[in-house]
Protein chains: 2
Amino acid sequence: MRRFSLNQWTTKRWTVAEAVDGCVRHGVEAIGLWRQDVAAQGLDETVKLVRAAGLRVSSLCRGGFLTGPDPLANNRKAIDEAAALGASCLVMVVGGLPGVVPGEPLGAFSRDLAGARARVAEGLEALAPYAAERGVRLALEPLHPMYCADRAVLSTLGQAIDFAEPYPPEVVGVVVDSFHLWWDPDVLPQIARAGSRIASYQVCDFLVPLPADVLLGRGMMGDGVIDFAPLTRAVAEAGYDGDVEVEIFNADLWAADPETVLTTARHRYAQLIAPDLQEV
Amino acid sequence: MRRFSLNQWTTKRWTVAEAVDGCVRHGVEAIGLWRQDVAAQGLDETVKLVRAAGLRVSSLCRGGFLTGPDPLANNRKAIDEAAALGASCLVMVVGGLPGVVPGEPLGAFSRDLAGARARVAEGLEALAPYAAERGVRLALEPLHPMYCADRAVLSTLGQAIDFAEPYPPEVVGVVVDSFHLWWDPDVLPQIARAGSRIASYQVCDFLVPLPADVLLGRGMMGDGVIDFAPLTRAVAEAGYDGDVEVEIFNADLWAADPETVLTTARHRYAQLIAPDLQEV
């Protein structure tokens, strides 16, 4: 269980301080943090808390939205925060079509998908040197194609690797998230191709039927349709030896006692993920 | 406008007879039919109606669900119906994970995605000769990845072509549906690759945000996020010269007067689709 990491939004009601405390009490060694929660706790205070607890910060979520107006300043700030926290990577959700706002009705926006992708490449080119200088690894996260318009115009792992390839693997990596990628007929060879670019492996299940808000279609491992074994084995065989984040956005879990959620997550992880990590 | 085809479920309240009548009154030359509506009208009666109206049957929807129990008898029946109707193709929605029922909570099912795909290949092998003998073209439809578990384990055009390639293009083709494929970074080269295998081009928009029932996330062209021009041009350049079906599942449109819906569909098609078909 040493590679189990709690992504903070799995226990969304917990503040950073509460989540850090929960990790310590449950023997969790790593945590994935969210910028808005870090800001609420205070960056310096968060750094102190995770250091005192001896936690690894497996990721900071999230930078990106490179297709929106003037994205560089905010991303540089995110990179600075990731550096201060010693996070293994800064997760980059690259953004959707310019002008499309997640969860809101369509207003003025652009349908130029190729143009949006070009803006992602440009943003990355501007940010990669800044990240490299600070020792921060950007982690491009391909999102499920149902989020292409409003959250990420990177939809497959192969495409994310294409965008990362101009840069050294330690500067721009990719995220393998089971929820987003399980359906892809090409995912296993692409995980092998990703190799040392894998910056994060995030696990949660894909619920069927999807709930009304598809953003919350993520479920506890075992509650949905994903066969985790082939994905986990492929990630291990590709050489990834970092932390494995359980990251679940789910209205029922968010309403439940975070204590119980963490206990269940560790139990399911032990059953469905850990056996295939091929640890020696 | 001569290639405009009304997929019957765009005007779902219309019976086959009403839809045929609507096509005639609006100058529509082609119709896409659904098996359950054909059965309600009667197959022989439907054949008479479409012949008397001089309509082309651009598709029969749908065969498939090859991952379920004992799928062959029902698909042979669908092939017979397509032959009787002289349909340009029988659309095949290949089915999801065995045991997952669309719209229902998960019961007993299999997570074996690779196994499900193998069953699709086996079913196709059993059905292709039967279809070929009757002059019916099977059209594999890759569905949006959000339907992978419950409706189709074929999620990309490239994957659908891979499954079709063992067979002659006139026996097993593929469907290009804008809603399902617009997000795919590889879609334009795959449309070119599909070439003479394109058996149907279906258009409708992708709504953002998605409605609570994601099956009804299809919208009138222009109401969603899709840039149709690159897709339509690629389909035309690939050599497809068949009918173009407007197929929209949408609660608001189903509640509206079908007369108005058809008028709007023809108007939007004239604006957003026809100019890129490069007709000579």
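Residue positions are given per chain, counted from 1 along the sequence in the order it is written. The order in which chains are written sets their letters, starting at A; the order in which ligands are written sets their numbers, starting at 1. Owing to the predicted nature of the model, reporting of local features is limited to residues with pLDDT of at least 70; listing and counting of side-chain atom pairs is limited to 80 or more, with chain, interface and lining totals taken over all residues. Hydrogens and water molecules were not included; the side-chain quantities draw on all heavy atoms of the structure.

### Digging into the pattern of salt bridges
All names here are of chain A.
Step number 1: Any carboxyl oxygen of Asp or Glu that lies within 4 Å of a side-chain nitrogen of Lys or Arg is treated as forming a salt bridge with it. Following the criterion strictly, the structure yields 30 salt bridges over all chains and no others.
Step number 2: The salt bridge involving arginine 151 is made with aspartate 150; its shortest N-O contact spans 3.5 Å.
Step number 3: Each of the salt bridges in this network shares a partner with another, and the network as a whole consists of Asp21, Arg25 and Glu259.

### Points about the environment of isoleucine 198 of chain A
All names here are of chain A.
Step number 1: Helix numbers and strand numbers start at the N terminus; a helix is a DSSP run of H or I with at least 4 residues, a strand a run of E with at least 2. The topology assignment puts isoleucine 198 in strand 7 (residues 198-203).
Step number 2: Three exposure classes are used, based on accessible area relative to the maximum for each residue type with a 1.4 Å probe and protein chains only: buried under 20%, partly exposed in between, and exposed over 50%. The exposure class assigned to isoleucine 198 is buried, which follows from its relative accessible area of 3%.
Step number 3: Put simply, isoleucine 198 and leucine 140 are 58 residues apart on the chain and 9.5 Å apart in space, counted from C-alpha to C-alpha.
Step number 4: Residues within four places of isoleucine 198 in sequence aside, it is in contact with Arg137, Val174, Val176, Ile191, Ala238 and Tyr240. Residue contacts follow a heavy-atom distance rule, with two residues in contact if any of their heavy atoms lie within 4.5 Å.

### Description of the packing of aromatic side chains
Step number 1: Aromatic rings from Phe, Tyr and Trp, with only the six-membered ring used for Trp, were paired whenever their centres fell within 6.5 Å, and each pair was classed as stacked if the ring planes differed by under 30 degrees, edge-to-face if by over 60, and tilted otherwise. Inspection of every chain in the model, using the stated rule, returns 19 aromatic pairs over all chains.
Step number 2: Judged by centre distance (5.6 Å) and plane angle (65°), the rings of tryptophan 9 of chain A and phenylalanine 249 of chain A are edge-to-face. Of this pair, tryptophan 9 of chain A sits in the loop between strand 1 (4-7) and helix 1 (16-26) while phenylalanine 249 of chain A sits in the loop between strand 10 (244-246) and helix 10 (251-255), and the two are 240 residues apart along the sequence.
Step number 3: Here phenylalanine 249 of chain A falls in the buried class, since its relative accessible area comes to 7%.
Step number 4: Put simply, the rings of Trp9, Trp34, Phe249 and Trp254 of chain A touch in pairs and so form one group of aromatic residues.
Step number 5: Of note, arginine 218 of chain B hangs over the ring of phenylalanine 249 of chain B, and the distance from its end group to the ring centre comes to 4.9 Å. We call a charge positioned over a ring when the NZ of a Lys or the CZ of an Arg lies within 6 Å of the ring centre and within 35 degrees of the ring normal.

### Description of the interface of chain A and chain B
Step number 1: In this complex, chain A contributes 36 residues to the contact, which on the side of chain B involves 36 residues.
Step number 2: As a working definition, buried area equals the accessible area (1.4 Å probe) given up by two parts on being put together, with both sides summed. Interface of chain A and chain B: buried area, both sides summed, is about 2,600 Å²; carbon and sulfur atoms make up 70% of it.
Step number 3: It is Arg111, Trp183 and Val208 of chain A in chain A that bury the most area against chain B; as a group they hold 21% of the surface buried on that side.
Step number 4: Put simply, chain A and chain B have zero salt bridges between them.
Step number 5: Definition of a polar contact: a pair of N or O atoms within 3.5 Å, with one able to donate and the other able to accept a hydrogen when the atoms are protein atoms, and with sequence-neighbouring residues admitted only if both atoms are side-chain atoms. Scanning the region where chain A abuts chain B turns up six residue pairs in polar contact (both at pLDDT 80 or more).
Step number 6: Residues are grouped as follows: Ala, Val, Leu, Ile, Met, Phe, Trp, Tyr, Cys and Pro are nonpolar; Asp, Glu, Lys and Arg are charged; every other residue, Gly included, is polar. Here the residues of the side of chain A that touches chain B are counted per class, giving 22 nonpolar, seven polar and seven charged.

### Let's talk about the layout of surface pockets
Step number 1: Detection works on a 1 Å grid of protein atoms alone, calling trapped sets that fit a 1.4 Å probe cavities and calling open sets with protein on both sides within 12 Å along at least five of seven lines pockets, with lining residues defined by an atom within 4 Å of a point. Grid points are joined across faces, edges and corners, and a volume is the space filled by probe spheres set on the points. Within this model, the largest pocket holds a volume of roughly 380 Å³.
Step number 2: Thr156 and Asp186 of chain A together with Asp184, Pro185 and Asp186 of chain B are, among the 19 residues lining the largest pocket, the residues nearest its centre.
Step number 3: Elements with a contribution of two residues or more to the lining of the largest pocket: helix 6 (157-164) and helix 8 (187-194) of chain A together with helix 6 (157-164) and helix 8 (187-194) of chain B.
Step number 4: The class makeup of the residues in the lining of the largest pocket is three nonpolar, eight polar and eight charged.

### With respect to the nonpolar core
Step number 1: Residues Leu140, Trp182 and Ile191 of chain A together with Leu140, Trp182 and Ile191 of chain B are the most contacted members of the largest nonpolar core, which totals 184 residues.
Step number 2: Those residues in contact with leucine 140 of chain A, other than ones at most four positions away along the chain, are Met92, Val94, Leu124, Leu154, Ala160, Phe163, Ala164, Val172, Gly173, Val174 and Val175 of chain A.
Step number 3: By size, the runner-up hydrophobic cluster in this structure holds 11 residues, among which are Trp9, Trp34, Ala199 and Leu216 of chain B. Throughout, nonpolar core names a set of buried Ala, Val, Leu, Ile, Met, Phe, Trp, Tyr and Cys residues whose side chains join them through atoms within 4.5 Å.

### Notes on unusual backbone geometry
Glycine aside, negative phi is the norm for most residues, and most peptide bonds take the trans geometry.
Step number 1: Following cysteine 61 of chain A, the chain continues to arginine 62 of chain A via a peptide bond in cis, the omega torsion being -5°.
Step number 2: Looking at the element boundaries, arginine 62 of chain A is found in strand 3 (residues 56-64).
Step number 3: The residue after valine 208 of chain B, namely proline 209 of chain B, is reached through a cis peptide bond having omega -5°.
Step number 4: Inspection of the secondary structure puts proline 209 of chain B in the loop between strand 8 (205-206) and strand 9 (218-219).
Step number 5: One non-glycine residue with positive phi stands out, namely phenylalanine 65 of chain A, at about 45°.
Step number 6: Topologically, phenylalanine 65 of chain A is positioned in the loop between strand 3 and helix 4 (72-85).
Step number 7: Judged by its relative accessible area of 30%, phenylalanine 65 of chain A is partly exposed.

### Concerning the sheet that holds strand 6 (residues 172-177) of chain B
Residue and element names in this part refer to chain B.
Step number 1: Ordered by their spatial adjacency, eight strands build a closed barrel running 1-2-3-4-5-6-7-10, and the pairing between neighbours is parallel. Direction aside, the axes of adjacent strands within the sheet are offset by 30° on average.
Step number 2: Being paired, for any two strands, means DSSP has found at least two bridges between them. Pairing of strand 2 (residues 30-34) with strand 3 (residues 56-64), which is carried by five bridges, proceeds in the parallel orientation. Residue pairing in the sheet places tryptophan 34 in a bridge with cysteine 61 of strand 3.
Step number 3: Helix 5 (residues 113-133) rests against strand 4 (90-93), strand 5 (138-140) and strand 6 of the sheet, and its axis sits at about 145° to strand 5. Axes, fitted as lines to C-alpha atoms, cover a helix only where it is in contact. Angles between the N-to-C directions of the axes lie from 0 to 180 degrees.

### Overview of helix 6 of chain B
Side chains of residues three or four places apart in an α-helix project in the same direction, reflecting 3.6 residues per turn.
Residues and elements named next belong to chain B.
Step number 1: Where burial is concerned, most of helix 6 is hidden: seven out of the eight residues are buried.
Step number 2: Residues of helix 6 that are buried include every one of Leu157, Gly158, Gln159, Ala160, Ile161, Phe163 and Ala164, and no others.
Step number 3: The elements touched by buried residues of helix 6 are helix 5, strand 5, strand 6, helix 7 (178-181) and helix 8.

### Examining the sheet that holds strand 3 of chain A
Residue and element names in this part refer to chain A.
Step number 1: With parallel pairing, eight strands are arranged side by side around a closed barrel as 1-2-3-4-5-6-7-10. Ignoring which end each strand starts from, the neighbouring axes of this sheet average 30° apart.
Step number 2: Sitting on the sheet, helix 5 (residues 113-133) touches strand 4 (90-93), strand 5 (138-140) and strand 6 (172-177), and the angle it makes with strand 5 is about 145°.

### A word on the UniProt feature "domain: Xylose isomerase-like TIM barrel" (unreviewed entry) in chain A
Step number 1: UniProt tags residues 23-258 of chain A as "domain: Xylose isomerase-like TIM barrel" (unreviewed entry).
Step number 2: End C-alpha atoms of residues 23-258 of chain A are separated by 11 Å, and the span's content is 39% helix alongside 17% strand. UniProt positions are given in the numbering used here, feature names are shortened, and annotations may be inferred rather than shown by experiment.

### Considerations on the side chain of arginine 3 of chain A
Residues and elements named next belong to chain A.
Step number 1: Along the chain, arginine 3 falls in the segment before strand 1.
Step number 2: When its relative accessible area of 3% is taken as the criterion, arginine 3 is described as buried.
Step number 3: Within the structure, arginine 3 has its side chain in polar contact with the backbone oxygen of glycine 242 (distance 2.7 Å).

### Things to note about the relation of the copies chain A and chain B
Step number 1: Superposition record for chain A on chain B: RMSD 0.0 Å, screw rotation 180°, translation along axis 0.0 Å. Within this description, the copies of the chain are treated as partners about a two-fold rotation axis. Across chain A, the smallest distance between a C-alpha and the rotation axis is recorded for alanine 212 of chain A, namely 2.0 Å.
Step number 2: The fraction of interface residues of chain A whose copies in chain B are also interface residues reaches 100%, indicating that both copies meet through the same surface. For this overlay, a least-squares fit was computed on C-alpha atoms, restricted to residues scoring pLDDT of at least 70 in both copies.

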